[in-house]
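The residues making up each chain are set out below.
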Amino acid sequence: MCWGVSTVCLVTSAPAQQPSQTEQLRQQVDELKQEYQATTQAMALRIAALEQQLQQHEEAATESRQHTVSAAELAAQQAAGKV
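Report follows, based on the coordinates. Only a predicted model underlies this, so the values are computations on that prediction, with no experimental measurement involved.

Helix and strand content of the protein chain: one helix and zero strands. Accessible surface computed for the protein chain: about 7,700 Å², of which carbon and sulfur atoms make up 59%.

Structure below.
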């Protein structure tokens, strides 16, 4: 009879370990999801900042070219005696 009781205890204790392992796996998945979300958010912020910086540089270059064209036009006008 002791053998039967031991078997029952072993059978009932084995499934008790499964939820613990399952819970650990769920916790690892949750941690990875959080890490992924944080990394993705950080990269999105970095991309947005770099895109803004790029846009500012492009606008500055365009403005600089416009002033250069204006200076060239002014020089041409001065040479033609219009100014």
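Having seen it, we continue.
Moving on, we come to a negative patch on the surface. Among the surface-exposed residues, E23, D30, E31 and E35 lie close enough to one another that they form a single negatively charged patch. Here E23 shows up in helix α1 (residues 2-80). Owing to a relative accessible area of 47%, E23 belongs among the partly exposed residues under this scheme.

The rules behind each value
- Residues numbered from 1 in each chain as written.
- Predicted model: local features only at pLDDT ≥ 70, side-chain atom pairs only at ≥ 80, totals over all residues.
- Heavy atoms only, no water.
- Helix = DSSP H or I, 4+ residues; strand = E, 2+ residues; numbered from the N terminus.
- Areas by Shrake-Rupley, 256 points an atom, 1.4 Å probe, with all protein chains shown as cover.
- Patch = residues over 30% accessible without salt bridge, like charges linked within 9 Å, V, L, I, M, F, W, Y side chains within 5 Å.
- Salt bridge = Lys/Arg side-chain N within 4 Å of Asp/Glu carboxyl O.
- Lys, Arg positive; Asp, Glu negative; His and termini not counted.
- Charge placed at Lys NZ, Arg CZ, Asp CG, Glu CD.
- Buried < 20%, exposed > 50% of the residue type's maximum accessible area, 1.4 Å probe, protein only.

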